[in-house]
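So you can see what is in the structure, the chains are spelled out below.
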2 protein chains.
Amino acid sequence: MPPDTDLRAHERALDLPAPCDAALRFIGRIRTPFERREDCPRQGRPDGPECRIVLDEPWVPALRGLEAFARIEVLYWLHESRRDLVLQNPRRDGRVVGTLALRSPVRPNPIGTALVVLERIEGATLVVRGLDCLDGTPLLDIKPEHCPFGPGAAPAAPE
Amino acid sequence: MPPDTDLRAHERALDLPAPCDAALRFIGRIRTPFERREDCPRQGRPDGPECRIVLDEPWVPALRGLEAFARIEVLYWLHESRRDLVLQNPRRDGRVVGTLALRSPVRPNPIGTALVVLERIEGATLVVRGLDCLDGTPLLDIKPEHCPFGPGAAPAAPE
């Protein structure tokens, strides 16, 4: 964990014990063109570059049926992030924002989520557009899209 | 972990070592009206019942600025789920689907994600609509909404 001296003005860190409430298993790796943090776009876009999600072999059968979805949700571990900030100064302009009101990678559990376009599946590899994470980011999960506010959302229950 | 004898027809489980790639810290609890699994709706809905997200005290300052968002993303730990299934038979009808092509709580890293309506914030408590998880579910993260396909999505880059 970086020392507090790395904090920007008005940022606040907590002094926390090591996390130990649950454990994660990485199930693959994400390959993107973004090799350094400064290469990463602020947000992925559906017209962004093709990226590859490479699943570890034991999990490949778990893709069965995913090809039916045009868009998928991807969860990944932001492995280079510090986890102890409660207040952040993201633009270094003195505007201080709570960590949970930002989509910054700096958060108590640095899990990234992205809704991406599924271009195709090639064996253990998913080709997608819309990611913004570093090359080599560990994969946690893939889910079919669910957007309760989208055009496919369930209608309100009858009165 | 339940024994393989609990598998439904055609389901397949992996024999895996304990997960140890990264550790999570719970930052609060979710209170819902759903006390048993069979009470949980299949998907949360924006017109669903009010639920409460109760943040642990050290993280309350991290909410600063969140009140500006009408919808937020919530990540939580599906603490009662087995994690070793690659193929599932969700409706017991013989239609076998890969775990990553389902939004079932049974998955390698049982992290639930929901986009919910933020009704109000009362101190350490967020009142929301749209959750479908069990009462007492551990909270992992809260993020402002980001939907790259919604009406507020960035326009395509100029050619």
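Keep in mind the model is a prediction, meaning the values are calculated, not measured.

This next bit is on the overall build of chain A. Of regular secondary structure, chain A possesses zero helices and 10 strands. Walking chain A from its N terminus toward its C terminus, one meets helices and strands in the order β-β-β-β-β-β-β-β-β-β. Buried residues in chain A amount to 48% of all 159 residues. Excluding contacts between residues fewer than 6 apart, the proportion of contacts in chain A whose partners are at least 24 apart in sequence is 78%.

The two copies are related by a screw operation: chain A maps onto chain B through 180 degrees of rotation and 0.0 Å of translation along the axis, at an RMSD of 0.0 Å. Both copies are brought into coincidence by an operation consistent with a two-fold rotation axis. Identified as the residue of chain A closest to the rotation axis by C-alpha distance is alanine 23 of chain A, at 2.3 Å. Both copies present the same face, since 100% of the interface residues in chain A are matched by interface residues at the equivalent positions in chain B.

Attention shifts here to the pattern of salt bridges. What the rule picks out here adds up to 30 salt bridges over all chains. Arginine 120 of chain A serves as the salt-bridge partner of glutamate 50 of chain A, at 3.2 Å between the closest nitrogen and oxygen. Remark: arginine 120 of chain A occurs in strand E8 (residues 111-122) and glutamate 50 of chain A occurs in strand E4 (residues 50-55); sequence separation between them is 70 residues. For glutamate 50 of chain A, a relative accessible area of 33% gives the class partly exposed. For arginine 120 of chain A, a relative accessible area of 34% puts it in the partly exposed group. A salt bridge links lysine 143 of chain B to aspartate 141 of chain B, with the shortest nitrogen-to-oxygen separation between them at 3.2 Å. A residue is classified by how much of its surface remains accessible, and lysine 143 of chain B, at 3% relative accessible area, is buried. Judged by relative accessible area, aspartate 141 of chain B falls into the buried class, the value being 0%.

The next subject is the interface of chain A and chain B. Taken together, the contacts link 66 residues of chain A with 66 residues of chain B. Note on chain A versus chain B: buried area summed over both sides is about 5,900 Å², and carbon and sulfur give 60% of it. Aspartate 141 of chain A is the salt-bridge partner of arginine 107 of chain B, the closest N and O atoms lying 2.7 Å from each other. Remark: the boundary between chain A and chain B carries 34 residue pairs in polar contact (both at pLDDT 80 or more). Within the residue set of the side of chain A that touches chain B, elements represented by two or more residues are strand E2 (22-24), strand E5 (71-77), strand E6 (85-88), strand E7 (97-98), E8 and strand E10 (137-144) of chain A. In terms of strand pairing, E2 of chain A meets strand E2 (residues 22-24) of chain B through three bridges, oriented antiparallel. Bridged to leucine 24 of chain A within E2 of chain B is alanine 22 of chain B.

Next up on the list: the environment of glutamate 11 of chain B. All names here are of chain B. Topologically, glutamate 11 is positioned in the segment before strand E1 (12-13). By relative accessible area, which is 14% here, glutamate 11 ends up buried. Placed 88 residues apart in sequence, glutamate 11 and threonine 99 show a C-alpha to C-alpha distance of 10.0 Å. If we ignore the near neighbours within four places in the chain, the residues touching glutamate 11 are Leu85, Leu87, Gln88 and Asn89. A distance of 3.1 Å separates a polar atom in the side chain of glutamate 11 from the backbone nitrogen of arginine 8.

The next subject is the sheet that holds strand E10 (residues 137-144) of chain B. Residues and elements named next belong to chain B. Around the barrel, which closes on itself, the six strands sit in the order E3-E4-E9-E8-E5-E10 with antiparallel pairing between neighbours. Taken pair by pair, the neighbouring strands of this sheet meet at an average axis angle of 45 degrees, ignoring direction. Both strand E5 (residues 71-77) and strand E8 (residues 111-122) contribute to a ladder of seven bridges, which runs antiparallel. By the bridge assignment, tryptophan 77 is partnered in E8 with isoleucine 111.

Residue and element names in this part refer to chain A. Within the closed barrel, the six strands sit side by side as E3-E4-E9-E8-E5-E10. Their pairing is antiparallel. Ignoring strand direction, the axes of neighbouring strands in this sheet form an average angle of 45 degrees. Relative to E4, strand E3 (residues 28-31) runs antiparallel, the two being bridged by four bridges. From the neighbouring strand, arginine 31 faces E4, where its bridge partner is arginine 52.

This next bit is on the pairing of E8 of chain A. All names here are of chain A. As paired strands, E8 and strand E9 (residues 125-129) are joined by five bridges and run antiparallel to one another. Bridge pairing links arginine 120 to valine 127 in E9. Here E8 folds back onto E9 in antiparallel fashion, the turn holding two residues, of which glycine 123 has a positive phi close to 65 degrees.

Moving on to the confidence of the model for chain A. For any part of a model where pLDDT is low, the fine detail of the predicted coordinates should not be relied upon. All names here are of chain A. Residues with a pLDDT of 70 or more make up 89% of chain A, whose mean pLDDT is 90. In the predicted structure, residues 154-159 sits below a pLDDT of 50 and forms six contacts with residues beyond four places in sequence or in another chain. Model confidence for the complex: the whole-complex pTM is 0.91, and ipTM, which rates the interface, is 0.90.

Definitions and cut-offs
Residues numbered from 1 in each chain as written. Chains lettered and ligands numbered in written order. Predicted model: local features only at pLDDT ≥ 70, side-chain atom pairs only at ≥ 80, totals over all residues. Heavy atoms only, no water. Helix = DSSP H or I, 4+ residues; strand = E, 2+ residues; numbered from the N terminus. Buried < 20%, exposed > 50% of the residue type's maximum accessible area, 1.4 Å probe, protein only. Contact = heavy atoms within 4.5 Å. Least-squares fit on C-alpha atoms with pLDDT ≥ 70 in both. Salt bridge = Lys/Arg side-chain N within 4 Å of Asp/Glu carboxyl O. Buried area = accessible area lost by both parts, 1.4 Å probe. Polar contact = N/O pair within 3.5 Å; in protein donor to acceptor, adjacent residues only side chain to side chain. Pairing = 2+ DSSP bridges. Axes fitted to C-alpha atoms, helices over the stretch in contact; angles between N-to-C directions. pLDDT = per-residue confidence, 0-100.

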